[in-house]
Amino acid sequence: DLEAARANGVLFFPINPGKEEKSWERFYREGLSRFTAGSYAGDYEADLIAEFCASAGFEVKAVNNGQEALKLAETWVPDLITLDIEMPGMTGLEVIKTLQGNPLTSKIPVVVISVVAKGALEEGALSGVHKVFEKPLSFQRLIGQLKDLLAAQPTPPHPIRPLLESYTKLYV
């Protein structure tokens, strides 16, 4: 997984269970050049996370910033929201505070996935957040933790619909 790769100083690319051949083809076709060019992080990595979550059975939608995420959270009411702290327009912390202050969204579990998560956690800025993942992360661990978090929630009146954000995109 990603943690083991980082510990050994090597690069990591997620291989989706059940789609191993296509994952390896994609790595060869586009991932390898992004690794060597240094353009792996950002939108490309966010798209990989969304694809990995979709392959694990999550319903995934995308928005481009925190303001759009707040609108979607009110109208779609996901079962889970994950977001980065550093986002365009509103910061993740501003999004969290707004979500917590809104009766329609205050009960939605929030998971932070961010490079700066540890520092924000130490400063106490992430109160009310259900889980924090620091990038780089293990995709398998992320999926397991999201499923555990959702299983612990009261049964929703609709299928599980997590709202996922990473970098500049918000995935639902």
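Conventions adopted
- Each chain carries its own residue numbering, running from 1 in the written order of its sequence.
- Two thresholds apply to this predicted model, a pLDDT of at least 70 for residue-level local features and 80 or more for giving and counting side-chain atom pairs, whereas whole-chain, interface and lining totals are computed over all residues.
- In computing side-chain properties, one takes all heavy atoms of the structure into account and sets aside hydrogens as well as water.
- What counts as an axis is a line fitted to C-alpha atoms, over the stretch in contact for a helix, and the angles between N-to-C directions run from 0 to 180 degrees.
- Helix numbers and strand numbers start at the N terminus; a helix is a DSSP run of H or I with at least 4 residues, a strand a run of E with at least 2.
- Each angle is binned into one of four classes, with values under 35 degrees roughly parallel, values over 145 roughly antiparallel, values of 65 to 115 roughly perpendicular, and all other values oblique.
- In this scheme the handedness of a crossing depends on how the near helix is turned from the far one: anticlockwise by less than a right angle means left-handed, clockwise means right-handed.
- In this analysis, two residues are considered to be in contact whenever any of their non-hydrogen atoms come within 4.5 Å of each other.
- Type-normalised accessible area, obtained with a 1.4 Å probe on protein chains alone, sets the label of each residue: buried when under 20%, exposed when over 50%, and partly exposed for intermediate values.
- As used here, the term nonpolar core means buried Ala, Val, Leu, Ile, Met, Phe, Trp, Tyr and Cys residues forming a set that is joined through side-chain atoms within 4.5 Å.
- Think of it as the arc spanned by the lines of direction from the helix axis to the C-beta atoms.
- Here a polar contact is recorded for every N or O atom pair within 3.5 Å, except that within protein the pair must consist of a potential hydrogen donor and a potential acceptor, and residues adjacent in sequence are included only if both atoms are side-chain atoms.
- Think of it as three bins: nonpolar holds Ala, Val, Leu, Ile, Met, Phe, Trp, Tyr, Cys and Pro, charged holds Asp, Glu, Lys and Arg, and polar takes everything else, Gly as well.
- A residue's pLDDT is simply how confident the predictor is in it, with values from 0 to 100.
- The salt bridge criterion pairs a side-chain nitrogen of Lys or Arg with a carboxyl oxygen of Asp or Glu, the two atoms within 4 Å.

Student: Looking at this structure, I do not really get the packing of helix H3 (residues 43-55) against helix H7 (residues 139-151). What am I missing?
Tutor: Describing two packed helices takes the angle between their axes plus the distance from one axis to the other. Between H3 and H7, the least distance of the axes is 11 Å, while the angle of their chain directions is 50°. Compared by their axis directions, H3 and H7 come out oblique. Two packed elements cross with a definite hand, and for H3 against H7 that hand is right-handed. Taking contact as the criterion, the partners of Ile 49, Phe 52 and Cys 53 in H3 are, on H7, Phe 139, Gln 140, Leu 142 and Ile 143.

Student: Please explain unusual backbone geometry as it appears in this structure.
Tutor: Across residues other than glycine, the phi torsion is negative in most instances, and most of the peptide bonds are trans. Positive phi outside glycine occurs at Val 77, with the angle close to 45°. Checked against the element boundaries, Val 77 lands in the loop between helix H4 (66-76) and strand S2 (80-83). With relative accessibility at 29%, the residue Val 77 sits in the partly exposed group.

Student: Even after reading the chapter, I still don't get the nonpolar core, so can you show me in this structure?
Tutor: Most often, soluble globular proteins keep nonpolar side chains buried together rather than apart. Among the nonpolar cores identified, the biggest contains 21 residues, and Phe 13, Tyr 40, Val 111 and Leu 142 are the most heavily contacted of them. Elements that contribute at least two residues to this core include exactly helix H2 (20-37), H3, strand S3 (110-114) and H7. In terms of residue count, H7 provides more of this core than any other element does, six residues in total. With residues near it in sequence (within four places) discarded, Leu 142 still touches Ile 49, Ile 113, Phe 133 and Leu 137. Within the second largest apolar cluster, 14 residues are counted, among which are Ala 73, Ile 85, Met 90 and Val 112.

Student: Can you walk me through H4 in this structure?
Tutor: Three or four residues apart is the spacing at which side chains of an α-helix point the same way, because the helix has 3.6 residues per turn. Three or more residues of H4 are buried, namely Gly 66, Ala 69, Leu 70, Leu 72, Ala 73 and Trp 76. Projected down its long axis, H4 carries its buried residues within an arc of 170°, all on one side. Within H4, the exposed residues directed more than 90 degrees away from the buried face are Gln 67, Lys 71 and Thr 75. Of the residues that open H4, the one with a side-chain oxygen 3.1 Å from the backbone nitrogen of Gln 67 is Asn 65. Directly beyond the C-terminal end of H4, a positive phi value near 45° is found at Val 77.

Student: What's the story with the packing of H4 against helix H5 (residues 92-100) in this structure? I'm lost.
Tutor: Running from N to C, H4 and H5 point in directions that differ by 25°, and their axes come no closer than 10 Å. Classed by the angle they form, the pair H4 and H5 counts as roughly parallel. You can see that H4 and H5 cross each other, and the crossing is right-handed. The segment H4 lies against H5, with Gly 66, Leu 70 and Ala 73 engaging Val 95, Thr 98 and Leu 99. Residues that form the contact of H4 with H5 fall into these classes: four nonpolar, two polar and no charged.

Student: Where do I start with the confidence of the model for the chain in this structure?
Tutor: For residues with low pLDDT, the predicted coordinates do not support detailed interpretation. Mean pLDDT over the chain: 75, with 76% of residues reaching 70 or higher. Confidence, expressed as mean pLDDT per element, reaches its minimum in the chain at strand S6 (residues 169-171) with 36 and its maximum at H5 with 90. This stretch, residues 157-172, has a pLDDT under 50; its non-local contacts, to residues over four places away or in other chains, come to 85 contacts.

Student: Teacher, can you tell me more about the pattern of salt bridges here?
Tutor: Two side chains with opposite charge may pair up if their charged atoms get near one another. Overall, the coordinates contain one salt bridge when judged by the stated rule. Of the charged contacts, one joins Arg 26 and Glu 30 as a salt bridge, the two residues approaching to 2.5 Å between their closest N and O atoms. Taken as a pair, Arg 26 and Glu 30 lie in helix H2 at a separation of four residues, close to a single helical turn.

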